[in-house]
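Spelled out from the first residue to the last, the chains are:
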Amino acid sequence: SHIELTAELVAATSPDSLSITEFHDRVDVDLCKKLQAAPVLGEERADVWNIQFAQGDINLTSDRELFEVTTQTDRPPLYEGKMIHQFEPRFAQPRYRILWDKAEPILRAARARRAKDAFKLAERSPDDVKMASLSLEVSTYRLAFRDVARNTDERSMICAMLPPNVVAGHTLVLHRPWRDIIEKDEHKEVPSLSALELFYVAAVFNSFVIDWFLRQRISAHVSMFHVYQLPVPRLTEADPRLAPVATRAAKLTCITPEFDALAKAAGLKSHRGGVTDPEKRAQLRAEID
């Protein structure tokens, strides 16, 4: 038997490269058509939130002088892909700690380059960037997913929320927490997504649906290219369907004091509103799936 694919479906599933998805049967095709009713994440929309991703803060090979093996817990930990699992930012303990005096200038320079790009887009002089006023992305909560993943693993998409004050290696891909806005020559950092919207994206990424969709396309890596082609309904807080999904992801994530601020922003009083019981966590994950 054979499967017929329309040019429209090929374009919808792979708008940038027009790659042919390997469907196994007609059910796969019908499911894919239903998913494609949602816009892909790489499509900029004016009426809803947009999300941008970037590789980790430092490279584990070329930036080797920025971290070391140490027992000094007062230094920021270096996060690697294997340290997270679905909704679990503490899946493994850090092997390395950051030498902050060496890393901060590099992180601040990278942050300044992105702010200068915003000034250029606004046709303003990038010299107006005030370095001291810029917030480092490592200082806030960030959505992260593993770069290394196989389509034969139990789950291919592994996504979690990182706590503040951690530096991520290149084996993690993270969302940009702020948009740089230039208004009347004044620079503003605006959150790219609200807390509930972030948890909604985390829930969607960790769902069986997205995992199935990705498995048709990846072999050993989940790249930004693959993720930008994911069809994800852009639900906002005004949509009653968002909160039930996002709140479940928040309860799975916010189980330690470092997530208190994010928990409160998502409608939980603190990390005590999170769920630690294994059976209840399994139930929440099943409901999200």
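The rules behind each value
- Residues numbered from 1 in each chain as written.
- Predicted model: local features only at pLDDT ≥ 70, side-chain atom pairs only at ≥ 80, totals over all residues.
- Heavy atoms only, no water.
- Patch = residues over 30% accessible without salt bridge, like charges linked within 9 Å, V, L, I, M, F, W, Y side chains within 5 Å.
- Areas by Shrake-Rupley, 256 points an atom, 1.4 Å probe, with all protein chains shown as cover.
- Salt bridge = Lys/Arg side-chain N within 4 Å of Asp/Glu carboxyl O.
- Helix = DSSP H or I, 4+ residues; strand = E, 2+ residues; numbered from the N terminus.
- Buried < 20%, exposed > 50% of the residue type's maximum accessible area, 1.4 Å probe, protein only.
- Pairing = 2+ DSSP bridges.
- Axes fitted to C-alpha atoms, helices over the stretch in contact; angles between N-to-C directions.
- Core = buried A, V, L, I, M, F, W, Y, C linked by side-chain atoms within 4.5 Å.
- Contact = heavy atoms within 4.5 Å.

A.B. asks: I keep staring at a nonpolar patch on the surface and nothing clicks. Help me out?
C.D. replies: Together, Ile-3, Leu-5 and Ile-20 make up an exposed nonpolar region whose accessible area comes to about 240 Å². One can find Ile-3 in the segment before helix H1 (7-13). We classify Ile-3 as partly exposed; its relative accessible area is 31%.

A.B. asks: Is there a simple way to think about the environment of Ala-168 in this case?
C.D. replies: Mapped onto the elements, Ala-168 comes out in strand E7 (residues 167-168). On the basis of relative accessibility, which here comes to 0%, the residue Ala-168 falls in the buried class. It is 9.3 Å that separates the C-alpha atoms of Ala-168 and Leu-60, two residues lying 108 residues apart in sequence.

A.B. asks: I keep staring at the sheet that holds strand E8 (residues 172-175) and nothing clicks. Help me out?
C.D. replies: Sheet strands pair via backbone hydrogen bonds, and the direction of the pair is either parallel or antiparallel. A sheet is described by the order of its strands in space; here four strands give the open sequence E1-E8-E5-E6, paired in antiparallel fashion. Looking at which strands have only one partner, the edges of the open sheet turn out to be strand E1 (53-55) and strand E6 (159-162). The average angle at which neighbouring strand axes cross in this sheet is 35°, direction not considered. For E1 and E8, the ladder comprises three bridges, and the chain directions are antiparallel. Note on E8: the bridge partner recorded for Phe-53 is His-175.

A.B. asks: For this particular structure, what's the right way to read the nonpolar core?
C.D. replies: Ranked by size, the top nonpolar core spans 53 residues in total, and within it Leu-143, Phe-145, Phe-199, Tyr-200, Phe-205 and Val-227 carry the most contacts. For this core, the secondary-structure elements that each account for two or more residues are helix H2 (26-35), strand E5 (142-146), E6, helix H4 (195-205), helix H5 (208-215), helix H7 (242-253), helix H8 (260-265) and helix H9 (278-288). At ten residues, H4 tops the list of elements feeding residues into this core. Every residue in contact with Phe-145, bar those within four places of it in the chain, is listed here: Phe-53, Ile-84, Met-157, Ile-158, Cys-159, Thr-171, Leu-172, Val-173, Phe-205, Val-222 and Val-227. Grouped together as the second largest cluster of nonpolar side chains are twelve residues, Leu-60, Phe-67, Tyr-96 and Ala-103 included.

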